[in-house]
Amino acid sequence: MAEVPIDEEALRRDMVRYARRTWERGWVANHDGNLSARLGADRFLATPTAVSKGDVCPEWLIVVNGQRDVLQGTRRAFSEFKVHAAAYAARPDIGVVLHAHPPHATAYAVSGTPLPHPFLAEAVVTLGPEIPVVPFGLPGEPAVDDGIARALGRADVALLAQHGVLAVGGSLEQAWLRMELVEHLACIAIKAQALGGVKALDPERVRALAAKGRPASQPSFGDAPTDRSVGAPVATASSAARPDLGSLVGDALRRFQG
């Protein structure tokens, strides 16, 4: 089955919008943070190096390959694209990679303290039962690539030790929302420390909740994409980012009534 073409102009507008939202939230400062999206075989749309994410515009975006060679555009690729390349290499279903420094989540990443997930039911449905920590290393080091591959084999978000947070998804919206949720969890966990800390969810409940969620990060930059192996429809990224809350509420009410 033929590939669904990507609307690159729309993708550029979305990347600028989410880059600016990342800056507006205070998740990045100076030239920090970066976003990229898979365009095709060894082609990726990315924010360039040495620009504030609050200033980036569509014409500044570049197209690069997995080796950071600029294929299109006049600006340079950021050195941390090696981290993005490791994520894409680890999982061909990933369509977008977002790296930022949201303060509360990054506080865990730089302190050596794991974020005490899972403690919030909805977050298990959305993120799964684990938020791994990738040991510190320079982008491109084999140990870092291996750590990213291991982390993304278990989750769609990871803390990067002494570095920040990495979130992946099938769309910019999905990756951004996952980053937002990790920062929200970290903020709650830090505030809960004054009350004795968070209380972990029961492991059996965690397994049940995880089974209902963590939708795949299928790329979906087109209309009605299909699974090429079976020809079945694939959920769009916007719908994949949102679990079926009606079903979850219904299940909870049935358990309560029972």
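Model, not experiment: these values are computed from the prediction. (Residues numbered from 1 in each chain as written. Predicted model: local features only at pLDDT ≥ 70, side-chain atom pairs only at ≥ 80, totals over all residues. Heavy atoms only, no water.)

Asker: Requested: an account of the overall build of the protein, with residues and values cited.
Answerer: A tally of helices and strands in the protein yields nine helices and eight strands. The burial tally for the protein puts 47% of its 258 residues in the buried class. In the protein, the proportion of contacts linking residues at least 24 apart, taken out of those at least 6 apart, comes to 68%. Surface exposure of the protein reaches about 12600 Å², of which carbon and sulfur atoms provide 55%. (Helix = DSSP H or I, 4+ residues; strand = E, 2+ residues; numbered from the N terminus. Buried < 20%, exposed > 50% of the residue type's maximum accessible area, 1.4 Å probe, protein only. Contact = heavy atoms within 4.5 Å. Areas by Shrake-Rupley, 256 points an atom, 1.4 Å probe, with all protein chains shown as cover.)

Asker: Tell me about the confidence of the model for the protein, and please be specific about residues and values.
Answerer: Note: predicted coordinates in regions of low pLDDT should not be interpreted at a detailed level. Residues at a pLDDT of 70 or more form 81% of the protein, whose mean pLDDT is 84. Across residues 218-258, where pLDDT falls below 50, the model places 61 contacts with residues more than four positions away in sequence or in other chains. (pLDDT = per-residue confidence, 0-100.)

Asker: So what's going on with the sheet that holds strand β8 (residues 164-169)? Residues and values would help.
Answerer: An order of β4-β3-β2-β1-β5-β8-β7-β6 is seen for the eight strands of this open sheet, with the pairing classed as mixed. The two strands at the open ends of the sheet, each matched to only one other strand, are β4 (70-72) and β6 (133-134). (Pairing = 2+ DSSP bridges.)

Asker: Outline the pairing of strand β7 (residues 157-160), supporting the account with residue identities and numerical values.
Answerer: Burial of β7 is two-sided: the residues Val157 and Leu159 facing one way and the residues Ala158 and Leu160 facing the other way are all buried. Examined bridge by bridge, β6 and β7 share two bridges and lie parallel to one another. Bridge pairing in β7 links Val133 to Leu159. Between β6 and its parallel partner β7, the chain crosses via helix α5 (residues 142-152), and the hand of that crossover is right-handed. Examined bridge by bridge, β7 and β8 share four bridges and lie antiparallel to one another. Residue pairing in the sheet places Ala158 in a bridge with Leu166 of β8. Count of turn residues in the β7/β8 antiparallel hairpin: three residues, of which Gln162 carries a positive phi of about 55°. (Right-handed = clockwise from strand over helix to strand, strands pointing away.)

Asker: Please give an account of the packing of aromatic side chains that cites residues and values.
Answerer: With the rule as written, the count across this model stands at five aromatic pairs. Look at Tyr18 and Trp176: their rings are 6.0 Å apart centre to centre, the planes differ by 50°, and that puts the pair in the tilted class. Of this pair, Tyr18 sits in helix α1 (residues 8-24) while Trp176 sits in helix α6 (residues 172-192), placing them 158 residues apart in sequence. Residue class for Tyr18 comes out buried when judged on its relative accessible area of 6%. Judged by relative accessible area, Trp176 falls into the buried class, the value being 0%. Connected via pairs of aromatic rings, a cluster forms that spans Phe44, Phe78, Phe81 and Tyr88. Stacked on the ring of Trp176, the Lys or Arg Arg21 has its end atom at 4.1 Å from the ring centre. It is Arg75 that lies over the ring of Trp60; its NZ or CZ is 4.1 Å from the centre. (Phe/Tyr/Trp six-rings, centres within 6.5 Å; stacked < 30°, edge-to-face > 60°. Lys NZ or Arg CZ within 6 Å of the ring centre and 35° of its normal.)

Asker: Break down the packing of helix α3 (residues 103-111) against α6 for me, with residues and values.
Answerer: Between two packed helices, what matters for the description is the angle formed by their axes and the separation of those axes. Contact geometry for α3 and α6: axes closest at 7 Å, N-to-C directions at 75°. The angle between α3 and α6 falls in the class roughly perpendicular. In this structure, α3 uses Pro103, His104, Ala105 and Tyr108 to contact α6, whose residues at the interface are Val182, Glu183, Ala186, Cys187, Ala189 and Ile190. A class-by-class count of the residues in the contact of α3 with α6 yields eight nonpolar, one polar and one charged. (Axes fitted to C-alpha atoms, helices over the stretch in contact; angles between N-to-C directions. Parallel < 35°, antiparallel > 145°, perpendicular 65-115°, else oblique. Nonpolar A, V, L, I, M, F, W, Y, C, P; charged D, E, K, R; others polar.)

Asker: So what's going on with the side chain of Asn65? Which residues, and what values?
Answerer: Relative to the helices and strands, Asn65 resides in the loop between β3 (62-64) and β4. On the basis of relative accessibility, which here comes to 9%, the residue Asn65 falls in the buried class. From its side chain, Asn65 meets the backbone nitrogen of Asp69 in a polar contact 2.9 Å long. (Polar contact = N/O pair within 3.5 Å; in protein donor to acceptor, adjacent residues only side chain to side chain.)

Asker: Any details on the pairing of strand β2 (residues 43-46)? Residues and values, ideally.
Answerer: Pairing analysis gives four bridges linking strand β1 (residues 34-40) to β2, with the strands arranged antiparallel. Note that in β2 the partner of Ala37 across the bridge is Leu45. In this antiparallel pair of consecutive strands, β1 and β2, the connection spans two residues, and Asp42 shows a positive phi of 55°. Inspection of the sheet shows β2 paired to β3 by three bridges, in the antiparallel sense. Pairing of Ala46 across the sheet is with Ile62, part of β3.

Asker: Before we move on, could you go through the environment of Val134 and cite the residues and values that matter?
Answerer: On the secondary structure map, Val134 appears in strand β6. In this structure, the C-alpha to C-alpha distance between Val134 and Ala109, residues 25 residues apart in sequence, is 9.0 Å. In this view, Val134 contacts Val144, Gly147, Ile148, Ala151, Ala158, Leu159, Leu160 and Ala161; residues no more than four positions away in its chain are not counted.

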